[in-house]
Amino acid sequence: MDAKNFEIKTTHSQDEFKILAKIEYNTRAGGLRYLFYLGCLILVGVGIFSLVKLGFSISALIMIAVGLLVPFMNVRLVNRLAKLMAKQAGDMEAVLSYAFDEESFSIQDKNGDRSYSCEEIEKVVETEEYFFVYLKSTVCFCLPKKDFRQGDPLDFTNFLRQHGAGCKFFRYPGKLK
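These lines cover the structure that appears in this document, whether it is placed above or below. Note that this is a predicted model, so its numbers are computed, not measured.

**Some remarks on the nonpolar core**
Stage number 1. One finds Tyr98, Phe100, Phe105, Ile121, Leu143 and Phe156 to be the most contacted residues of the largest nonpolar core, which totals 21 residues.
Stage number 2. Contributions of two or more residues to this core are made by β1 (6-10), β2 (96-100), β3 (104-109), β5 (121-126), β6 (130-135), β7 (140-144) and α4 (153-163).
Stage number 3. If sequence neighbours within four positions are ignored, Tyr98 has contacts with Phe6, Glu7, Ile8, Thr10, His12, Ser106, Ile107, Phe141, Cys142 and Leu143.
Stage number 4. Grouped together as the second largest cluster of nonpolar side chains are nine residues, Ile19, Tyr130, Tyr134 and Cys142 included.

As structure tokens, this is what we get:
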């Protein structure tokens, strides 16, 4: 491999799957999640208004309870999604080696080698600590920035922009824990 290429050697953790689950939830829900939370807030407000102005009623208590519990259920949904992703990924202790060059990248694990064209990359999500590289087949690879053995993580985004044939890039500011 020459100096332009990148090599990452890593194992995965439950935290990475939790971050991936949050990214998936946030990108798929988009702006609708804010409308959803606004609806929950309105529901709580109407319930409280009903209690204050009309007195005790079961319907007002139900509105308040639903308005407060539904956002909590979404947090639990993200955590369950992370556990499911980790379970499907299998062995968390397995060492994975990723190698990127101008035309393709390969992954080596205990099951052997797999190679992909850089043109198969659909999107890249960058956080403060990770790159999540999505293929068109809805497969996602988690590349911790701390585990780069060759190449600089700061140059990785530009490398993928040049060789990723039109893939989309997203940057999450701050930490997602």
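**Section: the pattern of salt bridges**
Opposite charge on two side chains allows them to pair when their charged atoms are near.
Stage number 1. A complete count under the given rule lists three salt bridges for this structure.
Stage number 2. Residue Asp109 pairs with Arg114 through a salt bridge whose shortest N-O separation is 3.2 Å.
Stage number 3. The class for Arg114 is partly exposed, based on a relative accessible area of 32%.
Stage number 4. Taking the shortest distance from any N to any O, the salt bridge between Asp147 and Lys146 comes out at 3.3 Å.
Stage number 5. Residue Asp147 is classed as buried on the basis of its relative accessible area, which comes to 9%.

**Describing the sheet that holds strand β4 (residues 112-117)**
Stage number 1. Taken in spatial order, the five strands make up an open sheet running β4-β3-β2-β1-β8, and their pairing is antiparallel. Each having just a single partner strand, β4 and β8 (148-150) make up the two edges of the open sheet. When the angles between neighbouring strand axes are averaged without regard to direction, this sheet yields 20°.
Stage number 2. Of the pairings in the sheet, the one linking β1 to β2 comprises five bridges and is antiparallel in character. Across the sheet, residue Thr10 finds its bridge partner in β2, namely Leu96.

**Quick notes on the sheet that holds β5**
Stage number 1. Ordered in space as β7-β6-β5-β9, the four strands form an open sheet in which the pairing is mixed. At either end of the open sheet lies a strand with only one pairing partner, and these are β7 and β9 (168-171). Strand-to-strand twist of the sheet, defined as the mean angle between neighbouring strand axes without regard to direction, takes the value 15°.
Stage number 2. When β5 meets β6, the two strands line up antiparallel, connected through five bridges. Across the sheet, Glu126 pairs through a bridge with Phe131, a residue of β6.
Stage number 3. Docked against the sheet, α4 engages β5, β6, β7 and β9, running at close to 20° with respect to β6.

Thresholds, definitions, all that
- Residue indices follow the written sequence of each chain, beginning from 1 at its first position.
- Thresholds applied to this predicted model are a pLDDT of at least 70 for local features of residues and 80 or more for the giving and counting of side-chain atom pairs; totals over whole chains, interfaces and linings are not thresholded and use all residues.
- Excluding hydrogens and water, the side-chain figures rest on all heavy atoms present in the structure.
- Side-chain atoms within 4.5 Å are what join buried Ala, Val, Leu, Ile, Met, Phe, Trp, Tyr and Cys residues into a set we call a nonpolar core.
- Only protein chains enter the accessibility calculation, which uses a 1.4 Å probe; a residue whose area is less than 20% of its type maximum is buried, one above 50% is exposed, and one in between is partly exposed.
- Only DSSP runs of H or I reaching four residues or more are called helices, and only runs of E reaching two or more are called strands; each is numbered from the N terminus.
- Contacts are residue-level and defined by heavy atoms, with any inter-residue pair within 4.5 Å sufficient.
- Think of a salt bridge as a Lys or Arg side-chain nitrogen and an Asp or Glu carboxyl oxygen that are within 4 Å of each other.
- Paired strands, in this sense, are two strands between which DSSP finds at least two bridges.
- Fitted lines through C-alpha atoms give the axes, limited to the stretch in contact for helices. The angle between two N-to-C directions lies from 0 to 180 degrees.

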